[in-house]
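Chain residues, written in single-letter form:
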Amino acid sequence: MITIFNRKELCSVFSMNEQVNIREALSRNNIKYHIRTINNMSRSGSTRGRSGSFGQNMDLNYQYIFYVHKRDYNEARYVINK
């Protein structure tokens, strides 16, 4: 089980395709992971409430942060960089 105390951030990506590729690579190698998804267009924590979406790069709307167990970190790095 991956908890906040035993996890390590593996990587952070904005592309849905890249997120899918990383998920598939980790799953193929039986590496457990947790994904945190951040919506950069949400009202909380963004400038959207003041300026709307004018000038925003729509490819950067979502950020996907991958976490793995600390003991699996080196193997996971190797797997996603192949």
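Check the entry above for the structure.
Presented here is a report on the structure given in the accompanying data block. Everything quoted here is computed from the prediction, not taken from an experiment.

## Some points on the overall build of the chain
- When helices and strands are counted, the chain shows three helices and three strands.
- Listed N to C, the secondary structure of the chain is β-α-β-α-β-α in terms of helices and strands.
- In the chain, which comprises 82 residues, the proportion classed as buried is 27%.
- Surface summary for the chain: the accessible area is close to 6,000 Å², and the carbon and sulfur share equals 47%.

## Some remarks on helix H3 (residues 73–81)
- Listed as buried for H3 are Tyr 73, Ala 76 and Val 79. Looking down the long axis of H3, one finds its buried residues gathered within 125° of arc, a one-sided arrangement. Set apart from the buried face of H3 by more than 90 degrees, the exposed residues are Asn 74, Tyr 78 and Asn 81.

## Focus on the packing of aromatic side chains
- In the structure shown here, the tally under the stated rule is one aromatic pair.
- Aromatic side chains Tyr 33 and Phe 66 sit 6.1 Å apart centroid to centroid with 50° between the ring planes, which places their arrangement in the tilted category. Of this pair, Tyr 33 sits in strand E2 (residues 33–39) while Phe 66 is found in strand E3 (residues 62–69), placing the two residues 33 residues apart along the sequence.
- On the basis of relative accessible area, Tyr 33 is assigned to the partly exposed category, the value being 28%.
- Geometry around Tyr 67 places Arg 7 over its ring, the cationic atom sitting 4.0 Å from the centre.
- Lys 8 extends its terminal NZ or CZ atom over the ring of Tyr 73, reaching a point 4.2 Å from the ring centre.

## Some remarks on the packing of helix H1 (residues 16–28) against H3
- Packing of H1 against H3 brings their axes to within 9 Å, and their N-to-C directions diverge by 125°. With respect to H3, the element H1 is oriented oblique. Our pair here, H1 against H3, has a crossing hand that is right-handed. Judged by residue contacts, Ile 22, Ala 25 and Leu 26 of H1 engage Ala 76, Val 79 and Ile 80 from H3.

Calculation criteria
- Residues numbered from 1 in each chain as written.
- Predicted model: local features only at pLDDT ≥ 70, side-chain atom pairs only at ≥ 80, totals over all residues.
- Heavy atoms only, no water.
- Helix = DSSP H or I, 4+ residues; strand = E, 2+ residues; numbered from the N terminus.
- Buried < 20%, exposed > 50% of the residue type's maximum accessible area, 1.4 Å probe, protein only.
- Areas by Shrake-Rupley, 256 points an atom, 1.4 Å probe, with all protein chains shown as cover.
- Arc of directions from axis to C-beta.
- Phe/Tyr/Trp six-rings, centres within 6.5 Å; stacked < 30°, edge-to-face > 60°.
- Lys NZ or Arg CZ within 6 Å of the ring centre and 35° of its normal.
- Axes fitted to C-alpha atoms, helices over the stretch in contact; angles between N-to-C directions.
- Parallel < 35°, antiparallel > 145°, perpendicular 65-115°, else oblique.
- Left-handed = near helix turned anticlockwise from the far one by under 90°.
- Contact = heavy atoms within 4.5 Å.

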